[in-house]
Each structure stands twice: as C-alpha cells, then as structure tokens.
Amino acid sequence: MPSPALAPAPTAPAADTADASPVVLRSITQRFGKHTALSDVSLALPAGRIIGLLGRNGAGKTTLLHIAAGLLPPTSGACTTLGTPSGKLDTPQLTRLGLVQQEGRYLEWMTVRQHLDFNASFYPSWDRDLEKRLLEALELDPKRKIVQLSPGDRQKVGILLGTCHRPALLLLDEPISSLDPIVRRRLLDFLLELLRDDGTTVVISSHILNDVEKIVDWVVALEAGELVENSPFDLLQESYAEWTLTSAAGALPPSFAEPFVLQQQSNGHQAVLRVRTTDTEAAARLAAAHRAELRTRPLNLDEMFPLLTDQRRRRS
Amino acid sequence: MPLRAYLTLLRPVRTLLLGLINSGCCGVLFLRYCGNCSLAEALYFTCVIVGPLIFGDLLAGPAHEFMNRSVFPLIPGARRQLRRQHLHGLLALAALLLAAASAVPSEFPLAAQLGLIAAGLTLPLLNSRRVGWSYFVLLLLISPLLTTGPRETFVAACQAAPWAFLSLGLLCAGFCIRHIFSASFAGNYWKMSYVVSIQTLAPFYDTTMMQRRREDNERRAIAKRTRPEREWRIAAVGTSVREWSRAIRHARFGGTSWLWSEPGIVAFCAFPVIVYGAIPLVFAYFGRGNAISLQEYCGMLIAGAHGTELASSPGHFAFTSLPYTSIMVTMFASSVAAVPTTRFPLSRRRLADSLFVEMLRLGALGCLGFALAYVVVIVGAVLVTRTPIDYSLFARALSHIRILPTVVLLGIAFVFSTVRYRWMASFGGYLLWAAVGGALGGLAMAITESILGAYIWLPGLILSAWLARTAIRRYYATHDLNRLMPWVARFAGRCA
C-alpha cells in the first residue's frame, strides 16, 4: 500500500480533461539505443496555465518537449498536440505552437533582423509591436549577425523566434539559464503577460527555480524518465512544509518514523523535518506526541525539488 | 604523458588498420593499376613515399586533436610530453616502413629511403586544420612523378645524392616537429577551428563530433565573410510547396553569393568531365615510352564522342564520367537537407515535398554543368584538331545528358532510403554508394546507347522521380528533425 505521504503515481489523463488539453501524452516511451529517456509517461497538460517542467539533468525534459513539438517521434505511445497527433502537425497547428530550444539551431549568416523578418513571413499572426518591445526588453541589437552573438544573446534570439507569433502553446526549454537577472525578470514578466492577454499555455523547464516559482501555477516533475509529479503548484505549497520541533521536556527521538516525513535532521532537542501531508492536524499531533513546540514554514520550489525528484526512489 | 595515455589518444589498432587499408588502396592499387607500375615498384613506393604520408597523417591527427582542446594548455608539461611520445611513434613507424621497404628489391639507396620516410611521416603535421582531402591532392600530385617520365630523373637523383635526400628529409622533419610543438603554436591552436582525427570519426561519419566540427567551421567561415548576403523580400510565404521551397533555398544558400551557389554548382558538376578528360591526358602526355601529343589526344576524344562502346581508350574514358558526375550531382542535390528544418512550420510531408522541389532544381543545375562540360570538351577538341563541326559528335553526349537526371533521382532515392542504416555513414557506405552510382550510371549508359533507350527514357524518369519523392517523404515521416541527415552533415560544409 503506498505511503500516504507520497503522491500517488500520476495516472493517464481522463478523456474529458484530455480533450481540452493542449498536450496529451499517453504511455510515451522514448529510447535512444539502450538508453531510455522517457518511460511510460502519461499526462495531459492543463490549458491556459504556466507549467513548470522540473527534473534533474538527463531526466527527460528536453525529450518530452521535443516529442510534444513533433520534432521527435516517440518510440512508443501517442502524443497529441493542439488536438493533432504530434507526428502530423501541420501549418495550422505549428503557427500556434512556439518552441524555444535550449540549443537552438539558427541561420548563422543572418543578422537578428534578417532572421526575424524571414521567420515572420511564415506566421500570419506575427506581431511586429511585440517583436519591437521584446527586442528592447531583451536588449538585443537586431543588426548583429547571429554567428557573432554570445550564448545568452543566442538564447534571446530563440525566445523572439518562438514567441513573436503569439502562440497558443509555448514550450520553453531552459530559456533563462544564460540570461542576466535583469533580462530574466523581464522575460518572466512577459510570459505572465502572454498568459493574461492571450491565455497561452506555457511550459517552461528551468533549473533556476527561484525565478520560475514566481510565475508557475502547475508543476510536472520527471525523474529518470518517469513522471513523478503532475499537480497544481498551490497544492504542492499546501502539502510541503518544514516543521521545526523544539522539545523543552526531553530529548527528541533520533529519527521520526511517520510516513509523511521525507527528510529530517535531529540533534536531540531540536528536529527539522521536511514533510509532505495534506492532513492539517498532523503537525499538532506530532507536537503533542513529543511534547514539543512546533513551527511550520512552507517550502519554496528549490527546497521541494529534491523531495519531488526523490519520490521515484521512495515509491520503488 | 605515460605511454598508456598516449596509446589511448592514438588508438593503435584503429590507426594500423586505417593505415593499411589506405596504403593498399591509395598506394599499391592506385600505382599498380592507374600508374602502370609493376607490383614491386608499387609496393616499394608505397613503403617509402605514399605510406609515410598516410601513416604520418594518422599519427598527426590525435596529436592535433588533443592540442586543439581548450584543456591542453592547462595541463602542465603536456606539450613536451606529447612531442616526446609523438617522436617515439615516428621512430617506430619509420623502422617498420624501412623494414617493409627492404623486403622489396629497389634501386633506392638506404639514405635516400630514410630521408623520404622522414619527410613523409612529418609533413602531415603541417595539416593543422585537418583538411581531409589535402593528402589525396598531395598523392595525386606525386603520382605522375612516380609513374611517368620524370620517374627516371627522380630515381637518378636519389642514387646520385642520397645524402642530400637524407639531409633534406631530416631538415623537413625537424622543421615540422619544431613548428607544431612550439609553445607559440600550441598556445594558440586551441582557439582555432575545431579539429577531429580520422581515428575519432571512423568507422562512422555521422557522429555528433562531425556535426559539431561542421557547425564550428561554418560559424567561423560566416564570421569571416564580408560579402553581402541576399535579402529576403517576401513578406508572407503562402501555402504552396513552391513558395516553401524558395524559403528553403534562401535558408540554404542565402548566406552565399549567387556566383558561388548557382554557377558554382554548375561548375562543380562539370568538374568530373573535365578531370576525366584530363587525367588520361596527363598520363598519356607524360607516359613512359608512349607519349602522345595534344592533337593526337583530341583526335581520340573526337573518336570517343562518336563511339558506342564504353571506355576502352583515353578518348572514350572522358565520355564515361557519367557515373561519377551522377554521384556529385546527387550529393549537391541532397545537401539541400542541411537546413535547420525546425524553423519551418510545415508538416513533415510538406517539408519533404518542399525539399524535394529544391533538390530537383539543384539537380537540374548539376545536369546543366555536366551538359556544358561535354560541349566544352567536344568544341575544344574540334578546335585543336580543326575538324569540321558535325552534330553527330554530340550524339553520345546527348544520350548521357538525357539519362543523368534519372540516375541522379535514383541516387537520391538510394541515399534517403539507406540513411537509417548506420553503416552507410561509414567508409563502407561510401564505397557502396560509389559502386551503386557507378553501376546505375554504367547500366544507364548501356541502355541509352541502344535503341531501347529512346523508349524507356521518359517512363524511367517519371518512375525515378516518384521513387525519390517517396524515399524523402518516408525519411522525413520519422526522422528526428533536430538532427541533420548524416550525409549532408558531412558534405554541406561551407556551402551555407
């Protein structure tokens, strides 16, 4: 029987939610030779949300985004993007999809301006005003050749090419890792604006969790190719917490056997526990059992991340 | 650097295998069958001249590769230790080559042999940019020296002044080693374009390192370019495949001047005809004991233009370049696929169709080059021999020009159908591709020069176009759009 502290393993999406979802994956497995990048992943991304796609290096985030964008046919399983099988995406769907890749391939000989104009001719919905605002916000000189740009500036080009046509679904693979904090902040504000104005579904994978946390409202986590979390961020914030127990009456036990305790540090009189539980009375019961004072603090995404990704090991 | 670390870099088994295969093909077989050398001569020249160049290049590759990595200047003593190990490798190879040469009776004194081996083993060190075809060009330049008239002069010089050859060889070796392993060169080499040794790439050429090398070299070439690129003047690309193929053309060639991309392709595809006309001329003109004049050679070309049998003389040889031209045209046409396909919001099927339309256009340009080359060769021969122009001179040329598009389309179908098999991106794959291209071209020539050719030409062309389009569609239906097709990753190079 699974521990109540562990989220149940995410299951295949129900038919009604899948219909409205911009990306639906059913039993997706992706292998590259002997290496399995994704293993039986099923999920339906909620529409009109900013979804944080989290996972350690090699967890399968980029592979998942590439499958959703139709760039990579999965080894097995089915993926539907914007209502169409991802292998059959055509101009009507692709003009509503934006992808910002971690290592994008560009037409190096073009200037930024030339590349934007070239790409703009493919998208009827290309917004020149948005392009101008983003160029200013990202501080990118349009006259420079792509080949001369630094890695951070190349990333900015990718952001422009992926967003100026106002996509309904925007997939971003590590878009902010090479950006300075000021530009990073502006990009995150822009993503919020996209959601507010156009109802765009944004999927963003990033390791800079402190920034991403400010905008996401849904979390999908992968670990070693398996889906370990697929929940609203509010729910995670309500269930993950850090409890500090301070005992006045005597020593605290060296370890706590409660199943909702995920991580613990105890020095006898004080114990710091990281927990996951939706039981609002659990804290009071624990404090009473050990005759201790308890302070509780919510965890941020950075602190939740190792606990999220560790769920696969604990589940097995 | 301990010996074990050096051997890890060198991969001695791979080095020896590649060296033996290349020496066998480019040395013994080439000298024996193209250069009319006896077996003993071919073996000897391979041990003393061709083999050292090949093995020297194989030895230099890993050293270049290591020195080209940014970590190299940070390793204390790496330069001196690598130089020492490289010298040990050179000495070992020199001893082996000398021992092999001594097993074959020859007229060369030992001192001259040593000098030639020393120079041959170390000259490839100067190929610091690892230009793959450089030692093939060197071999092509040296081959007439070993196989034609000047050979006697060369042998006499070696016999007369063996110590001069030894001194020059050792001086050359000293210069090459000193230059490449100097502190100033090694200190800057890691900033130069990305290099990879053949041992790293073999046996497959579709590696991500090859792709990385191509991208890195492409970026450097683009950064150095000063000529203006072409402007994209279309505000909105419509829905037709033709319009999308224009966008693909711009992505592929927009950064290149029109002169290089369009007439350049025409000229490049004319190249095999010119070369196949010129190589027999060089061997015939400078041939030992049977030299012919330019007038006589042009007379053979004119006789060959009329003829119906396949290559049987230098004159016919020039007009049997169709198999080789078809390979070049196929490669150019396929290189269209070197665009970043993720940039186009097209379904996989329409992407495939747009690429196919652009490949047809490039293929047509290549065929035009082939046709022009034939015309130039025939008209040139007519002018030299002062023969009256007779339209029957163009009969054979026209029959080959007519069949080339069919052969190229079949070649494209073959390339896209077999690219999923990894071994096709290997040396064996190249050989197979050349063999298939040659067989198709030869078969096509035999058919078109018969009465049957007139009837099957059009149906054959339509069928080959259908096969090519189907193969491209099938490939792009399942291909990872993030990865470049292996053939074009190697070939597209600086064409973008």
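Residues numbered from 1 in each chain as written. Chains lettered and ligands numbered in written order. Predicted model: local features only at pLDDT ≥ 70, side-chain atom pairs only at ≥ 80, totals over all residues. Heavy atoms only, no water.

Further remarks concern the interface of chain B and chain A. Each partner contributes to the interface: chain B provides 36 residues, whereas chain A provides 32 residues. In terms of surface lost to chain A, no three residues of chain B exceed Arg 343, Pro 345 and Asn 482 of chain B, which account for 26% of the buried area on that side. Linking chain B with chain A are one salt bridge. In this structure, Asp 90 of chain A engages Arg 350 of chain B in a salt bridge whose closest nitrogen and oxygen atoms are separated by 3.5 Å. Taken together, the connections running from chain B to chain A amount to nine residue pairs in polar contact (both at pLDDT 80 or more). Counting residues per element, the ones that place at least two in the side of chain B that touches chain A are helix H11 (208-224), helix H12 (241-253) and helix H18 (348-385) of chain B. Its residues assigned to classes, the side of chain B that touches chain A shows 16 nonpolar, nine polar and 11 charged. (Contact = heavy atoms within 4.5 Å. Buried area = accessible area lost by both parts, 1.4 Å probe. Salt bridge = Lys/Arg side-chain N within 4 Å of Asp/Glu carboxyl O. Polar contact = N/O pair within 3.5 Å; in protein donor to acceptor, adjacent residues only side chain to side chain. Helix = DSSP H or I, 4+ residues; strand = E, 2+ residues; numbered from the N terminus. Nonpolar A, V, L, I, M, F, W, Y, C, P; charged D, E, K, R; others polar.)

As a further point, take the packing of helix H4 (residues 78-102) of chain B against helix H5 (residues 110-122) of chain B. Residues and elements named next belong to chain B. Following both chains from N to C, one finds H4 and H5 inclined at 135°, their axes separated by 10 Å at the closest point. One finds that H4 runs oblique with respect to H5. By crossing handedness, the relation of H4 to H5 is classed as right-handed. Of H5, the residues touching H4 (which contributes Leu 90, Leu 93, Ala 94, Leu 97, Leu 98 and Ala 101) are Leu 110, Gln 113, Leu 114, Ile 117, Leu 121 and Thr 122. In terms of residue class, the contact of H4 with H5 is built from 10 nonpolar, two polar and no charged. (Axes fitted to C-alpha atoms, helices over the stretch in contact; angles between N-to-C directions. Parallel < 35°, antiparallel > 145°, perpendicular 65-115°, else oblique. Left-handed = near helix turned anticlockwise from the far one by under 90°.)

The subject of this paragraph is the pairing of strand E7 (residues 169-173) of chain A. Residues and elements named next belong to chain A. Counting buried positions along E7 yields five of five residues, so the element is predominantly enclosed. Neither face of E7 is left uncovered, since the one carrying Leu 169, Leu 171 and Asp 173 and the one carrying Leu 170 and Leu 172 both have all their residues buried. Where strand E6 (residues 97-100) lies against E7, four bridges are found, and the strand directions are parallel. Of the residues in E7, the one forming a bridge with Val 100 is Leu 172. Direction of pairing for E7 relative to strand E8 (residues 201-205): parallel, over a ladder of five bridges. (Buried < 20%, exposed > 50% of the residue type's maximum accessible area, 1.4 Å probe, protein only. Pairing = 2+ DSSP bridges.)

It is worth spelling out the sheet that holds strand E4 (residues 76-81) of chain A at this point. Residue and element names in this part refer to chain A. Taken together, four strands build an open sheet; the order of strands is E2-E1-E4-E5 and the sheet is antiparallel. The sheet terminates laterally at strand E2 (35-44) and strand E5 (84-85), the two strands that pair on one side only. Across five bridges, the pairing between strand E1 (residues 23-32) and E4 is antiparallel. Bridge pairing in E4 places Val 24 opposite Thr 80. Packing of helix H2 (residues 61-68) onto the sheet brings it into contact with E1, E2 and E4, and relative to E1 it is tilted by some 120°.

On to the nonpolar core, then. Nonpolar side chains in soluble globular proteins tend to be buried together. With 146 residues, the main nonpolar core has Phe 118, Leu 171 and Leu 191 of chain A together with Phe 344, Phe 416 and Tyr 476 of chain B as its most contacted residues. The dominant element in this core, judged by the number of residues it contributes, is H18 of chain B, at 15 residues. Split by domain, this core shows at least three residues from each of two domains, domain 1 (15-233) and domain 2 (236-315) of chain A. Those residues in contact with Phe 118 of chain A that sit more than four places away from it in its chain are Leu 107 and Met 110 of chain A together with Trp 232, Ala 247, His 250, Ala 251 and Phe 344 of chain B. In terms of nonpolar packing, the next biggest core, distinct from the first, is built from 57 residues, Leu 10, Leu 82, Cys 176 and Val 195 of chain B among them. (Core = buried A, V, L, I, M, F, W, Y, C linked by side-chain atoms within 4.5 Å. Domains from an automatic or database assignment.)

Let's shift gears to the environment of Gly 369 of chain B. Residues and elements named next belong to chain B. As for its position among the elements, Gly 369 is in helix H18. Gly 369 sits 304 residues away from Glu 65 along the chain, and the two C-alpha atoms are 38 Å apart. Among residues more than four places away in sequence, those in contact with Gly 369 are Val 266, Cys 269 and Ala 270.

With respect to the secondary-structure elements, Pro 340 of chain B resides in the loop between helix H17 (322-334) and H18. On the basis of relative accessible area, Pro 340 of chain B is assigned to the buried category, the value being 8%. Pro 340 of chain B sits 227 residues away from Gln 113 of chain B along the chain, and the two C-alpha atoms are 51 Å apart. Leaving out residues up to four positions away in the same chain, Pro 340 of chain B has contacts with Arg 105, Tyr 106 and Leu 107 of chain A.

Accessible area lost on assembly of the parts is the figure often given for the size of an interface. All names here are of chain A. Domain annotation of chain A identifies domain 1 (15-233) and domain 2 (236-315). Here the C-alpha centre of domain 2 lies 35 Å away from the C-alpha centre of domain 1. Taken together, the contacts link 18 residues of domain 1 with 14 residues of domain 2. Of the roughly 1500 Å² buried at the junction of domain 1 and domain 2 (both faces included), carbon and sulfur atoms supply 63%. It is Leu 209, Val 228 and Phe 233 that lose the most area in domain 1 upon contact with domain 2, and together they represent 37% of the buried surface on that side. For the pair domain 1 and domain 2, the interface holds one salt bridge.

Summed over the entire model, instances satisfying the criterion amount to four cavities of 30 Å³ or more. Looking at the largest cavity, its volume works out to about 370 Å³. Along the wall of the largest cavity there are 27 residues; nearest its centre are Leu 71, Leu 94 and Leu 99 of chain A together with Thr 342 and Phe 344 of chain B. Per element, the largest residue contribution to the lining of the largest cavity is four residues, and it comes from E6 of chain A. Residue composition of the lining of the largest cavity, grouped by class: 14 nonpolar, 11 polar and two charged. (1 Å grid on protein atoms, 1.4 Å probe; cavity = no way out; pocket = protein on both sides within 12 Å on 5 of 7 lines; lining within 4 Å. Points joined across faces, edges and corners; volume = space filled by probe spheres on them.)

Our focus in this paragraph is the packing of aromatic side chains. The geometry of two aromatic rings is summed up by the distance between their centres and the angle between their planes. Taken as a whole, this structure holds 18 aromatic pairs over all chains when the rule is applied. Here Phe 122 of chain A and Phe 344 of chain B contribute two aromatic rings whose centre-to-centre distance is 5.5 Å and whose plane-to-plane angle is 45°, an arrangement assigned as tilted. Here Phe 344 of chain B lies in the loop between H17 and H18 and Phe 122 of chain A lies in the loop between helix H4 (112-120) and helix H5 (128-138), a pairing that spans two chains. Grouping residues by exposure puts Phe 122 of chain A and Phe 344 of chain B together as buried. (Phe/Tyr/Trp six-rings, centres within 6.5 Å; stacked < 30°, edge-to-face > 60°.)

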